[in-house]
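Report on the structure
Chain by chain, the residues:
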Amino acid sequence: FGSRFVSRVLPRGVPPCTCAIGPHLAMGIVNTARLLDGIVFSVFLLFLGGFGLFLSGELLKMALVNEGNKNMGKVAAVLKKVFPFPDNKFEFNLTHVLLFSLLIALLSMLHHDAQDAIEHSVDKRAKRAAKKADGGKAKAEEPEKKDESEKKEKKEKAKATKG
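Keep in mind that this is a model prediction, so the values were computed, not measured. (Residues numbered from 1 in each chain as written. Predicted model: local features only at pLDDT ≥ 70, side-chain atom pairs only at ≥ 80, totals over all residues. Heavy atoms only, no water.)

Next up on the list: the overall build of the protein. A count of helices and strands for the protein gives seven helices and zero strands. The linear arrangement of helices and strands in the protein, starting from the amino end, is α-α-α-α-α-α-α. By residue count, 10% of the 163 residues in the protein fall in the buried class. Contacts spanning at least 24 positions in sequence make up 62% of the contacts within the protein whose residues lie at least 6 apart. Carbon and sulfur atoms provide 63% of the accessible area of the protein, an area that totals close to 14100 Å². (Helix = DSSP H or I, 4+ residues; strand = E, 2+ residues; numbered from the N terminus. Buried < 20%, exposed > 50% of the residue type's maximum accessible area, 1.4 Å probe, protein only. Contact = heavy atoms within 4.5 Å. Areas by Shrake-Rupley, 256 points an atom, 1.4 Å probe, with all protein chains shown as cover.)

Here it is in structure tokens:
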């Protein structure tokens, strides 16, 4: 087991050590310099998750309990079916706050393709502006490079329209 494990984990040229994890692997597990950042971010997310659930409860209470407003009649009926709480009370506990905070954290780490497309268009505009400011003295790209860049642009546009 040991030799197969070492051959899969260690890069070539790195001698296996005698300890269980190895000094080169133990260094990458925890970055202690970022520990305080993680704690602050976690506490902030917990407060954000709790506040978001509280606001959702207030919205539900406004729509369902305060049905004196005739404009909220249809919205209240939809909300009753979407959120079937007993006695129309929105109750949440620490488990709900933790799960909602985890959902917020996961969604905030998502990277969308549109961000790449926007960055590419900004870079393209900057290159065009630099080329105009240069007065056209810059060398023209080789035709092969132009074709490759056009193909990349088309692929990125296709990805942006799909997403």
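Per the counting criterion, the structure on display carries three aromatic pairs. A ring pair is formed by phenylalanine 90 and phenylalanine 92, whose centres lie 5.9 Å apart and whose planes are at 55°; its orientation type is tilted. Here a set of aromatic residues connected by ring pairs shows up, and it is made of Phe83, Phe85, Phe90 and Phe92. (Phe/Tyr/Trp six-rings, centres within 6.5 Å; stacked < 30°, edge-to-face > 60°.)

For the pair helix α3 (residues 35-64) and helix α5 (residues 94-108), interaxial distance at closest approach is 8 Å and the crossing angle is 110°. In terms of axis orientation, α3 runs roughly perpendicular to α5. Every pair of crossing elements has a handedness; the one defined by α3 and α5 is right-handed. Here α3 contributes Leu45, Leu46, Leu48, Gly49, Gly50, Gly52 and Leu53 to the contact with α5, which in turn contributes His96, Val97, Leu98, Phe100, Ser101, Ile104 and Ala105. Its residues assigned to classes, the contact of α3 with α5 shows nine nonpolar, five polar and no charged. (Axes fitted to C-alpha atoms, helices over the stretch in contact; angles between N-to-C directions. Parallel < 35°, antiparallel > 145°, perpendicular 65-115°, else oblique. Left-handed = near helix turned anticlockwise from the far one by under 90°. Nonpolar A, V, L, I, M, F, W, Y, C, P; charged D, E, K, R; others polar.)

What follows concerns a negative patch on the surface. On the surface, Asp113, Asp116, Glu119, Asp123 and Glu156 cluster together into a patch of negative charge. With four residues, helix α6 (residues 113-134) is the largest single contributor of residues to the negative patch. Looking at the element boundaries, glutamate 156 is found in helix α7 (residues 143-162). Classification of glutamate 156 as partly exposed rests on a relative accessible area of 31%. (Patch = residues over 30% accessible without salt bridge, like charges linked within 9 Å, V, L, I, M, F, W, Y side chains within 5 Å. Salt bridge = Lys/Arg side-chain N within 4 Å of Asp/Glu carboxyl O. Lys, Arg positive; Asp, Glu negative; His and termini not counted. Charge placed at Lys NZ, Arg CZ, Asp CG, Glu CD.)

A few words on a positive patch on the surface. On the surface, a cluster of positive charge is contributed by Arg125, Arg128, Lys132, Lys151, Lys152, Lys154, Lys155, Lys157 and Lys159. Of all the secondary-structure elements, those providing two or more residues to the positive patch are α6 and α7. With relative accessibility at 58%, the residue lysine 157 sits in the exposed group.

So, about the nonpolar core. Counting six residues, the largest nonpolar core is built from Leu60, Ala63, Leu64, Met72, Ala76 and Leu79. Counting residues per element, this core draws most heavily on α3, which supplies three residues. Beyond its immediate stretch of four places on either side in the chain, leucine 60 contacts Val65, Leu79, Phe83, Phe85 and Phe90. (Core = buried A, V, L, I, M, F, W, Y, C linked by side-chain atoms within 4.5 Å.)

Turning our eyes to something else, we now look at the pattern of salt bridges. Taken as a whole, this structure holds two salt bridges when the rule is applied. Ionic pairing is found between aspartate 37 and arginine 34, a salt bridge with its closest N-O pair at 3.4 Å. Since its relative accessible area comes to 38%, aspartate 37 is described here as partly exposed. When the shortest N-O distance is used, the salt bridge between glutamate 58 and lysine 61 registers 3.3 Å.

Relative to the elements of secondary structure, serine 101 occurs in helix α5. Within polar-contact distance, the side chain of serine 101 engages the backbone oxygen of leucine 45 at 2.9 Å. Those residues within four positions of serine 101 in sequence are excluded, and the remaining contacts are Leu45, Leu46 and Gly49. (Polar contact = N/O pair within 3.5 Å; in protein donor to acceptor, adjacent residues only side chain to side chain.)

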